Amino acid sequence: MNMVRNIKICDGLVSFTLLLTTNAYPLRELIIEDCQKIVETLPGVTDVVVEVTSETPQRKSLPDRTGIKGIKNIIAISSGKGGVGKSTVAVNVAVALAQTGAKVGLLDADIYGPNDPTMLGLADTQIYVDNTDKGDALEPAFNHGVKLVSMGFLIDRDQPVIWRGPMLNGIVRQFLYQVLWGELDYLIVDMPPGTGDTQLTLSQAVPIAGAVIVTTPQPVALLDSRRGLHMFKQMNINVLGIVENMSYFIPPDMPEKHYDIFGSGGGERTATELGVPLLGCIPLEISTRLGSDNGVPIVVGEPDSPSAKALKDIALIIAGKVSVAA
Ligand SMILES: Nc1ncnc2c1ncn2[C@@H]1O[C@H](COP(=O)(O)OP(=O)(O)OP(=O)(O)O)[C@@H](O)[C@H]1O
């Protein structure tokens, strides 16, 4: 698979480079260990040095959808229903991917309720327009390893956004094409809830490497997720799977206890019924909410908490699936 490069043999010392398709490769450690062990068993070998590097493959353009220069993979995080934790998942997955060394951008396409600046600790940040040879372009904000563009930077915090479809399309296109994103392995798009204008604009404008649907276990949320899934299928967009958020509540004073507030197993059932994978389940934890409110995502603030571990695993699974698809 052309993943082994740069083989050097010097007496008993063997060194080589392993090229992974993503830094966030879920089986990274296992592969390194296996390669090491196998070479070590060869006669005459005394030492093995494995270097690891990665090259994220790029999602190809489609006949009717051209990619954005420099951006390898666009991943849409969506939900059928509001308030299920879509932004929490988008922000934490973006930061978790950046933690693996990937170059990551986050486009907050939730034009009416832009929360990502707060969640990424950029609530009081301003972004600027640069004059480039291709016209004016926005310089994204940056924190926790992630570049961010959001409507939240362009409006007064208390000002409601009252726009119609065509204006929305305009801003979403600007956020895609008139931002100095630079080189990105992943552009995570935090979609607005539901199946409206923004979703259509995005799905039609650019080739999306994969869509993730965030849901909570209760039946009403799951019903809406089905609609979202059908929209992506109709638009020929690869659905990577479902994330079940708020799967169960962990009380901070009794971490061994789990309460199924919204019922249990809903995400699993929906995933099976719709024939898409369940990418992971995230518990309801007070620290996750606090992290979002304080601008320190849980994968940074409490990386060993159950929610952070679940979110990091989900990020790796998403990266793995995107690489396989590409
Ligand atoms: N696993 C969790 N544990 C605790 N709180 C959570 C969890 N997931 C999300 N929250 C909290 O629930 C609220 C809603 O989450 P979030 O804003 O991510 O949802 P959303 O689906 O993006 O909402 P919207 O539809 O408004 O865009 C936030 O206050 C967030 O901090």
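What you see is a predicted model, and the numbers here were worked out from it, not measured in a lab. (Residues numbered from 1 in each chain as written. Predicted model: local features only at pLDDT ≥ 70, side-chain atom pairs only at ≥ 80, totals over all residues.)

1. Digging into the sheet that holds strand β2 (residues 13–20)
The test is simple: Any two strands with at least two DSSP bridges between them are considered paired. Secondary structure is summarised from DSSP: a helix means a run of H or I of at least four residues, a strand means a run of E of at least two, and numbering begins at the N terminus for each. Axis geometry follows a simple rule: fit a line to the C-alpha atoms, using only the stretch in contact for helices, then measure angles between N-to-C directions, giving values from 0 to 180 degrees. Whether two residues are in contact depends on their C-beta atoms, placed from the backbone: they are in contact if these lie within 7 Å.
With mixed pairing, 3 strands are arranged side by side in an open sheet as β1-β2-β3. Strands at the two margins of the open sheet, each flanked by one partner only, are β1 (4–10) and β3 (47–54). Across the sheet, the mean angle separating the axes of adjacent strands is 15° when strand polarity is ignored. Across the sheet, helix α1 (residues 28–40) is in contact with β2 and β3; its angle to β3 comes to roughly 150°.

2. Some remarks on the packing of helix α2 (residues 86–99) against helix α10 (residues 306–325)
Applicable threshold: For classification, angles of less than 35 degrees are called roughly parallel, those exceeding 145 degrees roughly antiparallel, those between 65 and 115 degrees roughly perpendicular, and all remaining angles oblique. Amino acid classes used here: Ala, Val, Leu, Ile, Met, Phe, Trp, Tyr, Cys and Pro are nonpolar; Asp, Glu, Lys and Arg are charged; the rest, including Gly, are polar.
At a closest axis distance of 9 Å, the pairing of α2 and α10 adopts a crossing angle of 75°. The orientation of α2 with respect to α10, classified from their angle, is roughly perpendicular. Within the contact between the two elements, α2 uses Val89, Asn92, Val93, Ala96 and Leu97 and α10 uses Leu311, Lys312, Ile314, Ala315, Ile318 and Ala319. Classifying every residue of the contact of α2 with α10 by side-chain character gives 9 nonpolar, 1 polar and 1 charged.

3. Digging into the UniProt feature "binding site: ATP" (unreviewed entry) in the protein chain
So the rule is basically this: UniProt positions are given in the numbering used here, feature names are shortened, and annotations may be inferred rather than shown by experiment. Each residue is classified by how many other C-beta atoms fall within 10 Å of its C-beta atom, where C-beta atoms are placed from the backbone; a count of 20 or more means buried, 12 or fewer means exposed, and values in between mean partly exposed.
Under the UniProt annotation, "binding site: ATP" (unreviewed entry) lies at Gly80, Lys81, Gly82, Gly83, Val84, Gly85, Lys86 and Ser87. Its place among the elements puts Gly82 in the loop between β4 (71–78) and α2. Of the residues examined, Gly82 has 14 C-beta atoms within 10 Å and is grouped as partly exposed. Residue position: Gly85 is located in the loop between β4 and α2. What makes Gly85 buried here is the crowd of 22 C-beta atoms within 10 Å. The contact partners of Gly85, leaving out residues within four places of it in the chain, are Val214, Asn245 and Met246.

4. Here we look at the sheet that holds strand β5 (residues 104–108)
Read across the open sheet, the 8 strands follow the order β8-β9-β5-β10-β4-β11-β12-β13; overall the sheet is mixed. Each edge of the sheet is formed by a strand with only one pairing partner; in this case those strands are β8 (141–143) and β13 (278–284). Between one strand axis and the next, the sheet turns through 25° on average, direction left out of account. Pairing between β4 and strand β11 (residues 210–215): 4 bridges, direction parallel. Bridged to Ala76 within β11 is Ala211. Sitting on the sheet, helix α7 (residues 266–274) touches β11, β12 (239–249) and β13, and the angle it makes with β12 is about 160°.

5. Some points on the environment of Leu122
With respect to the helices and strands, the residue Leu122 is situated in the loop between α3 (116–119) and β6 (128–132). A sequence separation of 21 residues divides Leu122 from Asn143, and the C-alpha atoms of the two residues are 7.2 Å apart. Setting aside residues no more than four positions away along its own chain, Leu122 makes contact with Pro117, Ala141, Asn143 and Leu148.

6. Digging into the UniProt feature "domain: MIP18 family-like" (unreviewed entry) in the protein chain
Under the local residue numbering, the UniProt record ascribes the feature "domain: MIP18 family-like" (unreviewed entry) to residues 1–52. The span residues 1–52 shows a helical share of 25% and a strand share of 40%, and its end C-alpha atoms are spaced 15 Å apart.

7. Considering the domain arrangement of the protein chain
Filter applied, for reference: An automatic or database domain assignment supplies the residue ranges for each domain.
Each domain of the protein chain was delimited in the assignment, giving domain 1 (4–54) and domain 2 (71–325). The C-alpha-based centres of domain 1 and domain 2 are spaced at 35 Å. On the domain 2 side, the residues contacting the 6 residues of domain 1 number 10 residues. Of the residues belonging to the side of domain 1 that touches domain 2, the class tally is 3 nonpolar, 3 polar and no charged.

8. Description of the site of the ligand
The criterion, for reference: In this analysis a residue is considered near a molecule or strand if the C-beta atom, reconstructed from its backbone, is found within 6 Å of that molecule or strand.
Taken together, 21 residues sit near the ligand, with Gly82, Gly85, Lys86, Ser87 and Thr88 positioned nearest. Within the residue set of the shell around the ligand, elements represented by two or more residues are α2, β12, β13 and α8 (286–294). Of the residues contributing to the shell around the ligand, the split by class is 5 nonpolar, 12 polar and 4 charged.

9. Quick look at unusual backbone geometry
One non-glycine residue, Asn6, adopts positive backbone phi at about 60°. Summarising the element assignment, Asn6 is placed in strand β1. Using a count of 11 C-beta atoms within 10 Å as the deciding quantity, one classes Asn6 as exposed.

10. Details of the pairing of strand β10 (residues 184–190)
Burial within β10 is extensive, with 7 of its 7 residues counted as buried. The pairing of β4 with β10 spans 6 bridges and is parallel. Opposite Ile71, over in β10, you have Leu184 as the bridge partner. Pairing of β5 with β10 involves 5 bridges; the strand directions are parallel. Within the sheet, the bridge partner assigned to Asp108 lies in β10 and is Asp190.

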